[in-house]
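So you can see what is in the structure, the chains are spelled out below.
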Amino acid sequence: MSVKLSAEEIDILVSDYRLTKEPIIDSNYSLCAQELLNTKQALKYLQKIAPFFQSPSILVTASLFAKRYSVLTMASAFYAMSRFDKGIPVHIDNIWVEAENNAKPWLPHIRLIDSTVSEPILDRKQWRDEVLRGIFADNLAKVWQSLTIITKIPKTILWENTAIYVNWLYETKLTEGASEQELARIQEDYHYIVKLAPGTLFGERKNPLTNYCGPKVTIEESEHPVRLRKTCCFYYQTSDETKDFCISCPKIKRQ
């Protein structure tokens, strides 16, 4: 018996977690995610979307696109896993990137080709590994490898971009309105993803997130503690202002 998301679950993911049910009418900036693994097609796509970021180079475009791609891939999948106990198939051959031309800021959505989901039957930990493998090893790792080949961007930047949104989703977004039972599951899943999950689930030799999920620190630029980045995402190169760095950027000289 195939399992689907309920109408209520779909509504939550559509409204807040980058899921969409239908193709965008103007599909000029949409693509089958597998095309990102074709160097010629991926390069053409990065060149097409560069104006959305006011990007001066293909390397900068790759970093800023990777931020958005990681969010649309992870957001609905993590919410479904940790809140619904359902596994959304976001392996790369099952998704489309749906993006509008006139959306500001430019934030794509994810559309599933096959929306059948999985559920933990006997062993939730084993099931969770398979869900995480679909998100990371069978999707993000492949795209990051492709972007690295095309643009020479270090994978460390792409994985730190990913880690930032894993932290934000699990520390902030996924906890909204959660029950005590759901909060416990969220915390356990988060700890496993960033600390204990083996590198094989990420398509890497070791967990690529752990190094970017340490404790927060207090800095002058922020009222709240933040994690300082170890790599620069190049956002400042798209700003009209001089030295417009993210508050956690490693390029900022600190006391």
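Residues numbered from 1 in each chain as written. Predicted model: local features only at pLDDT ≥ 70, side-chain atom pairs only at ≥ 80, totals over all residues. Heavy atoms only, no water.

**Q** An account of the nonpolar core is needed here, citing residue identities and associated values.
**A** If you look at the biggest cluster of nonpolar residues, it comprises 74 residues, and the most contacted ones within it are F65, Y69, F78, I135, F136 and I193. Of all elements in the fold, only α2 (39–53), α3 (58–84), β2 (95–98), β3 (109–112), α4 (124–151), α5 (155–173) and α6 (180–196) reach the threshold of two or more residues within this core. Ranked by the residues each element gives to this core, the list is headed by α3, at 16 residues. Not counting chain neighbours up to four residues away, the residues in contact with Y69 comprise A33, L36, I92, I95, V97, N139, L140, V143 and W144. (Core = buried A, V, L, I, M, F, W, Y, C linked by side-chain atoms within 4.5 Å. Buried < 20%, exposed > 50% of the residue type's maximum accessible area, 1.4 Å probe, protein only. Helix = DSSP H or I, 4+ residues; strand = E, 2+ residues; numbered from the N terminus. Contact = heavy atoms within 4.5 Å.)

**Q** Lay out the layout of surface pockets with the relevant residues and their values.
**A** Here the largest pocket is characterised by a volume of approximately 660 Å³. Broken down by element, the lining of the largest pocket gets its largest block of residues, eight residues, from α5. Along the lines of polarity and charge, the residues of the lining of the largest pocket split into 13 nonpolar, six polar and seven charged. Approximately 410 Å³ is the volume attributed to the second largest pocket. Along the wall of the second largest pocket there are 22 residues; nearest its centre are K67, R68, V71, L107 and Y165. Sorting elements by how many residues they give to the lining of the second largest pocket places α3 first, with six residues. In terms of residue class, the lining of the second largest pocket is built from 14 nonpolar, three polar and five charged. (1 Å grid on protein atoms, 1.4 Å probe; cavity = no way out; pocket = protein on both sides within 12 Å on 5 of 7 lines; lining within 4 Å. Points joined across faces, edges and corners; volume = space filled by probe spheres on them. Nonpolar A, V, L, I, M, F, W, Y, C, P; charged D, E, K, R; others polar.)

**Q** Which residues make up the pattern of salt bridges, and what are the values?
**A** Scanning the model with the defined rule gives 14 salt bridges in all. Its salt-bridge partner being R83, residue E182 comes within 3.3 Å of it at the nearest N-O pair. Note that E182 is positioned in helix α6 and R83 in helix α3, a separation of 99 residues in sequence. A residue is classified by how much of its surface remains accessible, and E182, at 18% relative accessible area, is buried. For the salt bridge of R133 with E130, the shortest nitrogen-to-oxygen distance reads 3.6 Å. (Salt bridge = Lys/Arg side-chain N within 4 Å of Asp/Glu carboxyl O.)

**Q** How would you explain the packing of α2 against α3 if you had to name every residue and give the values?
**A** Look at α2 against α3: their axes get within 9 Å of each other, and the N-to-C directions meet at 85°. Between α2 and α3, the crossing angle belongs to the class labelled roughly perpendicular. Taken together, the residues of α3 that come into contact with α2 (itself represented by L43, Y45, L46, Q47, I49, A50 and F53) are I58, T61, A62, L64, F65 and R68. Among the residues forming the contact of α2 with α3, the class breakdown is 10 nonpolar, two polar and one charged. (Axes fitted to C-alpha atoms, helices over the stretch in contact; angles between N-to-C directions. Parallel < 35°, antiparallel > 145°, perpendicular 65-115°, else oblique.)

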